[in-house]
Each structure stands twice: as structure tokens, then as C-alpha cells.
Amino acid sequence: MALLINIGMLIVGAFQILAFIEGVHIWLGWGTWPAVGLFVVAYVFRPFGSLLTIPLVYYGARYGWEWAWWQAAIFAAPALILSLIGLTISGGTALFALRAS
């Protein structure tokens, strides 16, 4: 099962790189090799580099591939969105626990 999850993550990561390159093409007007170079630079400066890649992946998926905004957002930043959902749920349960006592 872990092998299938890792293969799925590899496939999603490859498509995120393609969406990043598409986003750089559309937004910045750069070619493929400068986009790959920018991705490598962003990848080297983890975790701050991912903050650069998220909007470009979103832009490439949203406008390059013409996905809906919510699909592009989930595709571009799944960990960020899951973290926000978890934070909202845990904050809500803590808030209701305070009201119940």
C-alpha cells in the first residue's frame, strides 16, 4: 500500500512541476528552461521556495489547464489546505469545549 501511495505522490509531483512550468509560461512569459531553473532554485531554498511555487502551480493549473479555482488550489497546495482544515477543526472543538465547561 505504501508503494502505491509513493507512486501516486510521485505522479502528482510530476504534474505539479508541469503546472509550474505552464504557470511560468503564462504569467512571466519565460521559456521552459528558465522555468525549470526557477523551479530548481525554489526547490533548493525549502521551505520558503515552496511559497514561490504555490502561486505559479495554481496559475498554471487554473489558467493554463483551465481547472476550476478550487481544484487548482487543492492541487497547488494540498498540505497547506489540509493544515488549515485541521487547524479550523481543532480550534472549533477547543472553542466548543470551553463553552461546554
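Just above, that's the structure.
Residues numbered from 1 in each chain as written. Predicted model: local features only at pLDDT ≥ 70, side-chain atom pairs only at ≥ 80, totals over all residues. Heavy atoms only, no water.

Peer 1: Explain the layout of surface pockets to me, using residue names and the numbers behind them.
Peer 2: The computed volume of the largest pocket comes to approximately 550 Å³. As for the largest pocket, its lining consists of 18 residues, and the residues nearest its centre are Q16, R46, S50, T53 and A76. Elements that contribute at least two residues to the lining of the largest pocket include exactly α1 (2–28), α2 (32–44), α3 (48–64) and α5 (78–100). When the residues that make up the lining of the largest pocket are grouped by side-chain class, the tally is 13 nonpolar, 4 polar and 1 charged. (1 Å grid on protein atoms, 1.4 Å probe; cavity = no way out; pocket = protein on both sides within 12 Å on 5 of 7 lines; lining within 4 Å. Points joined across faces, edges and corners; volume = space filled by probe spheres on them. Helix = DSSP H or I, 4+ residues; strand = E, 2+ residues; numbered from the N terminus. Nonpolar A, V, L, I, M, F, W, Y, C, P; charged D, E, K, R; others polar.)

Peer 1: Provide a residue-level description of the nonpolar core, including the pertinent values.
Peer 2: The biggest cluster of nonpolar side chains holds 12 residues, and these are A19, F20, I21, V24, A35, L38, L56, V57, A61, A72, F75 and A76. Elements that contribute at least two residues to this core include exactly α1, α2, α3 and α4 (69–76). Top element by residues in this core is α1. It accounts for 4 residues. F20 has contacts with A35, L38, F39, T53, L56 and V57, leaving out every residue within four places of it along the chain. (Core = buried A, V, L, I, M, F, W, Y, C linked by side-chain atoms within 4.5 Å. Buried < 20%, exposed > 50% of the residue type's maximum accessible area, 1.4 Å probe, protein only. Contact = heavy atoms within 4.5 Å.)

Peer 1: Describe the packing of aromatic side chains, and please don't skip the residues or the numbers.
Peer 2: Tallied over the entire structure, the rule returns 7 aromatic pairs. Taken together, a centroid distance of 6.4 Å and an interplanar angle of 20° make the contact between F39 and Y43 stacked. Placement of both F39 and Y43 in helix α2 is noted, with a separation of 4 residues, approximately one turn of the helix. With a centroid separation of 5.1 Å and an interplanar angle of 65°, the aromatic rings of W67 and F75 are classed as edge-to-face. Among the aromatic side chains, those forming a connected cluster through ring pairs are F20, F39 and Y43. Here the guanidinium or amino end of R62 rests over the ring plane of Y63, the centre of that ring lying 5.3 Å away. (Phe/Tyr/Trp six-rings, centres within 6.5 Å; stacked < 30°, edge-to-face > 60°. Lys NZ or Arg CZ within 6 Å of the ring centre and 35° of its normal.)

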